[in-house]
Amino acid sequence: MTKHYKNLKLVVEDSLLESIYQSSCVHYPKEYGGFLIGKYSNDFKTLYIEQSITAEIFKSSRVEFTRESNYLKSEFEKLFINKGLYYVGEWHTHPDGEAWYSSTDLSAMISIAREKNVKIDNPILLILSITSDSLKDFNFFILNNERLELYE
Ligand SMILES: [Zn+2]
């Protein structure tokens, strides 16, 4: 599917969303999350989200998900060298919650964009609203001027 924010496009396969959902539902009713991996077109107007890496070290509860701040540097380097893909953002679930960001989510994204080893000014946040047996809703956001804007 393709989503839009102003003149920017985001392209993601339904099968990737499905596999993200599958990896998170075993953690229900706790939140779960990971990294979004992809690439931008040469003009940076289209973002292709191609893979997800689930977080291995994290703290989570029904209302919070915090991954370890260290990136999986060697894994990311391999993806870049072998496939030309790189880190483009984050995802996590909101079990029985809305597919909308919290104030904690916003401040986490702002600090991610400020991290020196992240060479991305506008990281993406995907939030999935899940229930005990289904993916109810999801939204992609882009961090722009310290605000999370919705891809529609
Ligand atoms: Zn959240």
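An unreviewed UniProt entry annotates the protein as JAB domain-containing protein of Psychrobacter piscatorii.

(A) Representation of the pairing of strand 4 (residues 46–54). Where strand 2 (residues 8–12) meets strand 4, four bridges bridge the pair, whose relative direction is parallel. In the strand pairing of strand 4, Lys 9 is matched with Thr 46. The pairing of strand 3 (residues 33–40) with strand 4 spans seven bridges and is antiparallel. Pairing of Leu 36 across the sheet is with Ser 52, part of strand 4. Where strand 3 folds back onto strand 4 in an antiparallel hairpin, the turn is made up of five residues, including Phe 44, whose phi is positive at roughly 65 degrees.

(B) Highlighting unusual backbone geometry. The omega torsion of the bond from Tyr 28 to Pro 29 falls at 10 degrees, within 30 degrees of zero and hence cis. Mapped onto the elements of the fold, Pro 29 is located in the loop between helix 1 (14–25) and strand 3. The phi torsion at Phe 44 lies on the positive side, around 65 degrees, for a residue other than glycine. With respect to the secondary-structure elements, Phe 44 resides in the loop between strand 3 and strand 4. The class for Phe 44 is exposed, based on a relative accessible area of 56%. Unlike most non-glycine residues, Asn 145 shows phi in positive territory, near 50 degrees. Tracing the chain through its elements places Asn 145 in the loop between strand 9 (135–144) and strand 10 (147–150). The class for Asn 145 is exposed, based on a relative accessible area of 70%.

(C) Region of the structure containing the pattern of salt bridges. Tallying each qualifying case throughout the model produces two salt bridges. Here Glu 146 and Arg 114 are joined by a salt bridge, their closest N and O atoms 2.7 Å apart. Taken together, the residues Glu 146 in the loop between strand 9 and strand 10 and Arg 114 in helix 3 (residues 103–114) connect sequence positions 32 residues apart. Using a relative accessible area of 43% as the deciding quantity, one classes Glu 146 as partly exposed.

(D) The arrangement of the nonpolar core in detail. Leu 10, Leu 36, Ile 49, Ile 124, Leu 126 and Phe 140 are the most contacted members of the largest nonpolar core, which has 40 residues in total. Looking at this core element by element, the count peaks at six residues for strand 8 (residues 124–130). Beyond its immediate chain neighbours, meaning those up to four positions away, Leu 10 contacts Met 1, Thr 2, Lys 3, Leu 47, Ile 49, Ile 124, Phe 140 and Tyr 151.

(E) Focus on the layout of surface pockets. As a volume, the second largest pocket reaches approximately 460 Å³. Counting only elements with at least two residues in the lining of the second largest pocket, the list comes to strand 3, strand 6 (65–67), strand 7 (86–95) and helix 3. Residue contributions to the lining of the second largest pocket peak at six residues, all from helix 3. Counted by class, the lining of the second largest pocket contains eight nonpolar, ten polar and seven charged residues.

Calculation criteria
Residues numbered from 1 in each chain as written. Predicted model: local features only at pLDDT ≥ 70, side-chain atom pairs only at ≥ 80, totals over all residues. Heavy atoms only, no water. Pairing = 2+ DSSP bridges. Helix = DSSP H or I, 4+ residues; strand = E, 2+ residues; numbered from the N terminus. Buried < 20%, exposed > 50% of the residue type's maximum accessible area, 1.4 Å probe, protein only. Salt bridge = Lys/Arg side-chain N within 4 Å of Asp/Glu carboxyl O. Core = buried A, V, L, I, M, F, W, Y, C linked by side-chain atoms within 4.5 Å. Contact = heavy atoms within 4.5 Å. 1 Å grid on protein atoms, 1.4 Å probe; cavity = no way out; pocket = protein on both sides within 12 Å on 5 of 7 lines; lining within 4 Å. Points joined across faces, edges and corners; volume = space filled by probe spheres on them. Nonpolar A, V, L, I, M, F, W, Y, C, P; charged D, E, K, R; others polar.

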